[in-house]
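# Survey of secondary and tertiary structure
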Amino acid sequence: SSWLLLAPLLTSPAPVITAPPCSLCPEGAHRFQWIRNLVPEFGISSSHVKVLSSPAEFYELLKATEPEFTFCWFQAQIKTAKQRVVMASLYLGTGLLEQELVDCLEEALEKSLRAKESSDLRVSILLDFTRGSRGTRNSRTMLTPLLQRFPRQVRVSLFHTPNLRGLLRLLIPERFNETIGLQHIKVYLFDDNVILSGANLSDLYFTNRQDRYVLLQDSPEIADFFTELVDAIGDVSLQLQQDDTVQMMEGMVHPYQGDKAAYCEIANQKVMGVINSARTRQELLHAKTFHSSQDGSPLFSQQDSRASGDQKPEPDTWIYPLIQMKPFGIQIDEMVTETLLTEAERGARIYFTTGYFNLTQAYMDLILGTRAEYRILLASPEVNGFFGAKGVAGAIPAAYVYIEHQFYSEVCCLHQQERVQLQEYSRPGWTFHAKGLWLYLAGSNLPCLTLIGSPNFGYRSVHRDLEAQVAIVTENKALQQQLHQEQEQLYLCSGIVSSSTFEQQNRYVKLWVKLVTPLIKNFF
């Protein structure tokens, strides 16, 4: 059935996008304020940002009983949530650790029902339909008990790509159908605390699968935005029922049975409605604050601020949510990423990492044709998530080696080895899933911007899947140091790629893999 991978869905080429140059803004805050012309800008204190470095910290953050990074931190976030728990992931695993998370949700919901006041806690979970339905024991069977016990408080939405329909849907078997398009966003929020990551809700991501994770604490506006985004995608997704069946919300166009154009238009309107309304709110807040400071009258008097306890420090860090949903005609993340690569000046350094090195042609052209220095971190074959897999999937690491070798050869042909350097992550007993970038301005030893979230910068991230990440821009040296240490820690487990790398025995690529890779590379 592997030939079915060769049946791509025809998509029009990405349009040429122009965006404002990265020049210093008039207000002098930072040079990336042009991003707020596209998405909402959330100004926060850097003290609200915590960069996590390991899967254990991520799981601890999801489970804990004390508000600190101990083994049980993540659990307390669920157990102490008063208003909302919102989780978006590719899937929920079926192991013991995942069951503990479900048990935590159940305990929190029971506690909410027992409370004297009315039960306000709501749980919303967004997963991918095809990945979440794989096998007899799957994400759906893990979550149906919650729906059965708490039908009014729990919502489980399963996104189904509109591109998997008709004869294609009938013919492509399980697992292979996931190549057509997925819900790939990873965001986990508890009341006003938000975790952005590339990690899924699976035991591997809690133990020995390296990813990236950032916690935004006490950030209600950002939590509201991602809650509304998950709700919008959930509205156009299949709703899991108590008997493990699925159905669409009343009056909603079906993703694979209804009219595709009508469905995508509705989805576009819902998602862009969230982005534009949040952007308008933040612009009004920014204008109000700016005019108040101009006329010398604070937005709140010091007496009122002390009385309310709501006085906030001046923001020194800015969060920009970047959304990419090409099936719905939304290409914001692609636009911002291409502009960042284009405008990076000579002497700037960009540390760029992906667990699956399969960059779009546009990203490769920008890396090879622009002025900044690049240090690209990717997975060695042994830490690739598909290493040792059965069947056709077992050849995927070799396909990535072939793509990497082609790109390295192009770097050498252009004599760019000093400016563009490849490094392979290698760590015994671990797999590598980290993605994102860190931008160091010319003359600086610390990054002022990072991208963190779900995109892998490959074809499917840009064209097929639903993706979200955030651009974090900061002037705070302590937070810049956190980001720098995160980058250094990842790159310490890597070796520099050279021509001799591809002469090693474990880099041998079979002829059939070389022949097939150009045909199927747009699917992984």
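Note that this is a predicted model, so its numbers are computed, not measured.

When helices and strands are tallied, the chain shows 16 helices and 21 strands. In the chain, buried positions account for 56% of the 524 residues. The long-range share in the chain, meaning contacts at least 24 apart out of those at least 6 apart in sequence, stands at 76%.

The next point concerns the packing of aromatic side chains. Inspection of every chain in the model, using the stated rule, returns 13 aromatic pairs. The ring of tyrosine 91 has arginine 131 sitting right over it, with the charged end atom 3.8 Å from the ring centre. When the ring centre of tyrosine 256 is taken as origin, the NZ or CZ atom of arginine 169, which lies over that ring, is 3.8 Å away.

All right, on to the UniProt feature "domain: PLD phosphodiesterase" (unreviewed entry) in the chain then. In this numbering, the UniProt entry assigns the feature "domain: PLD phosphodiesterase" (unreviewed entry) to residues 179-205. Annotation note: span residues 179-205, helix share 11%, strand share 33%, distance between end C-alpha atoms 21 Å.

Now for the pattern of salt bridges. Overall, the coordinates contain 19 salt bridges when judged by the stated rule. Of the charged contacts in the structure, one is a salt bridge between lysine 270 and aspartate 235, with a shortest N-O distance of 3.6 Å. Of this pair, lysine 270 sits in helix H9 (residues 260-294) while aspartate 235 is found in helix H8 (residues 220-235), placing the two residues 35 residues apart along the sequence. Since its relative accessible area comes to 17%, aspartate 235 is described here as buried. Each of Arg155, Asp231, Asp235 and Lys270 takes part in salt bridges that share partners, so that together they form one network.

Next up on the list: the confidence of the model for the chain. Summary statistics for the chain give a mean pLDDT of 87 and a share of 85% for residues scoring 70 or more. Within the model, pLDDT remains below 50 along residues 1-29, and this stretch shows 53 contacts once partners closer than five positions in the same chain are excluded.

Further remarks concern the sheet that holds strand S10 (residues 238-240). Two modes of strand pairing occur in sheets, parallel and antiparallel, and in both the strands are linked by backbone hydrogen bonds. One open sheet accounts for 9 strands, arranged S2-S9-S7-S6-S3-S4-S5-S10-S11; its pairing is mixed. The sheet is open, and its two edges are formed by strand S2 (49-52) and strand S11 (246-247), each paired on a single side. In the sheet, strand S5 (residues 154-159) pairs with S10 via 2 bridges, with the strands oriented antiparallel. Bridge assignment links serine 157 to a residue of S10, and that residue is glutamine 239.

Right, let's talk about the environment of lysine 186 for a bit. On the secondary structure map, lysine 186 appears in the loop between helix H6 (166-171) and strand S6 (187-190). Residue contacts for lysine 186: discarding those within four places in its chain leaves Ala88, Leu90, Ile195, Leu196, Ser197, Gly198, Ala199, Asn200, His433 and Ser454. Among the polar contacts listed, one links the side chain of lysine 186 to the backbone oxygen of glycine 198, at a separation of 2.9 Å. Among the polar contacts listed, one links the side chain of lysine 186 to the side chain of asparagine 200, at a separation of 3.2 Å.

Another aspect to go through is the nonpolar core. One finds Phe226, Met325, Ile376 and Phe407 to be the most contacted residues of the largest nonpolar core, which totals 146 residues. If one sorts the elements of this core by residue count, helix H13 (residues 396-413) sits on top with 10 residues. Not counting chain neighbours up to four residues away, the residues in contact with phenylalanine 226 comprise Val187, Leu189, Val194, Leu196, Pro321 and Val470. If you look at the next biggest cluster of nonpolar residues, it comprises 7 residues, including Leu52, Leu90, Leu182 and Tyr205.

Here we come to helix H11 (residues 332-343). An ideal rise of 1.5 Å per residue puts 16 Å on 12 residues; H11 measures up with 16 Å between its terminal C-alpha atoms. H11 sits mainly inside the fold: 10 of its 12 residues count as buried. Within the span of H11, buried status applies to Ile332, Asp333, Glu334, Met335, Val336, Thr337, Glu338, Thr339, Leu340 and Leu341.

Gaps left between atoms show up when a probe the size of a water molecule is rolled over them. According to the stated counting rule, one finds 4 cavities of 30 Å³ or more in the structure shown. The volume enclosed by the largest cavity comes to roughly 80 Å³. Lining the largest cavity are Gly355, Tyr356, Phe357, Leu378, Ala379, Ser380, Pro381, Asn384, Pro397, Tyr400, Val401 and Glu404. Counting residues per element, the ones that place at least two in the lining of the largest cavity are strand S15 (373-379) and H13. Sorting elements by how many residues they give to the lining of the largest cavity places H13 first, with 4 residues. Class assignment for the residues of the lining of the largest cavity results in 8 nonpolar, 3 polar and 1 charged. In this model, the second largest cavity occupies a volume close to 50 Å³. Along the walls of the second largest cavity sit Met87, Leu92, Leu101, Val102, Leu105, Ile125, Leu143 and Leu201, which together make up its complete lining. Looking at side-chain class alone, the lining of the second largest cavity contains 8 nonpolar, no polar and no charged residues.

Further remarks concern the packing of helix H12 (residues 361-369) against H13. Across the interface, H12 lies against H13 with an axial gap of 11 Å and an inter-helix angle of 30°. Taken together, H12 and H13 sit at an angle that is classed as roughly parallel. Note that H12 runs across H13; the crossing there is right-handed. Of the residues in H13, those touching H12 at Met364, Ile367 and Leu368 are Phe407, Glu410 and Val411. For the contact of H12 with H13, a count of residues per class yields 5 nonpolar, no polar and 1 charged.

Moving on to the pairing of S15. Within a regular beta strand, the side chains point alternately toward one face of the sheet and then the other, so they alternate between its two faces. When you tally the buried positions in S15, you get 6 out of 7 residues, the bulk of the element. Judged from the 5 bridges that link them, strand S14 (residues 349-353) and S15 form a sheet pairing that is parallel. From the neighbouring strand, isoleucine 350 faces S15, where its bridge partner is tyrosine 374. As for the winding sense of the linkage, the β-α-β connection from S14 through H12 to S15 is right-handed. Pairing of S15 with strand S16 (residues 420-425), which is carried by 6 bridges, proceeds in the parallel orientation. By the bridge assignment, leucine 378 is partnered in S16 with glutamate 424.

This next bit is on the environment of asparagine 358. For asparagine 358, the position within the fold is in the loop between S14 and H12. On the accessibility criterion, asparagine 358 (2% relative accessible area) is buried. Sequence separation between asparagine 358 and phenylalanine 457 is 99 residues, and the spatial gap between their C-alpha atoms is 7.4 Å. A distance of 2.7 Å separates a polar atom in the side chain of asparagine 358 from the backbone oxygen of lysine 521.

Quick notes on the rules
Residues numbered from 1 in each chain as written. Predicted model: local features only at pLDDT ≥ 70, side-chain atom pairs only at ≥ 80, totals over all residues. Heavy atoms only, no water. Helix = DSSP H or I, 4+ residues; strand = E, 2+ residues; numbered from the N terminus. Buried < 20%, exposed > 50% of the residue type's maximum accessible area, 1.4 Å probe, protein only. Contact = heavy atoms within 4.5 Å. Phe/Tyr/Trp six-rings, centres within 6.5 Å; stacked < 30°, edge-to-face > 60°. Lys NZ or Arg CZ within 6 Å of the ring centre and 35° of its normal. UniProt positions renumbered as here; feature names shortened; annotations may be inferred. Salt bridge = Lys/Arg side-chain N within 4 Å of Asp/Glu carboxyl O. pLDDT = per-residue confidence, 0-100. Pairing = 2+ DSSP bridges. Polar contact = N/O pair within 3.5 Å; in protein donor to acceptor, adjacent residues only side chain to side chain. Core = buried A, V, L, I, M, F, W, Y, C linked by side-chain atoms within 4.5 Å. Expected span 1.5 Å × (residues − 1). 1 Å grid on protein atoms, 1.4 Å probe; cavity = no way out; pocket = protein on both sides within 12 Å on 5 of 7 lines; lining within 4 Å. Points joined across faces, edges and corners; volume = space filled by probe spheres on them. Nonpolar A, V, L, I, M, F, W, Y, C, P; charged D, E, K, R; others polar. Axes fitted to C-alpha atoms, helices over the stretch in contact; angles between N-to-C directions. Parallel < 35°, antiparallel > 145°, perpendicular 65-115°, else oblique. Left-handed = near helix turned anticlockwise from the far one by under 90°. Right-handed = clockwise from strand over helix to strand, strands pointing away.

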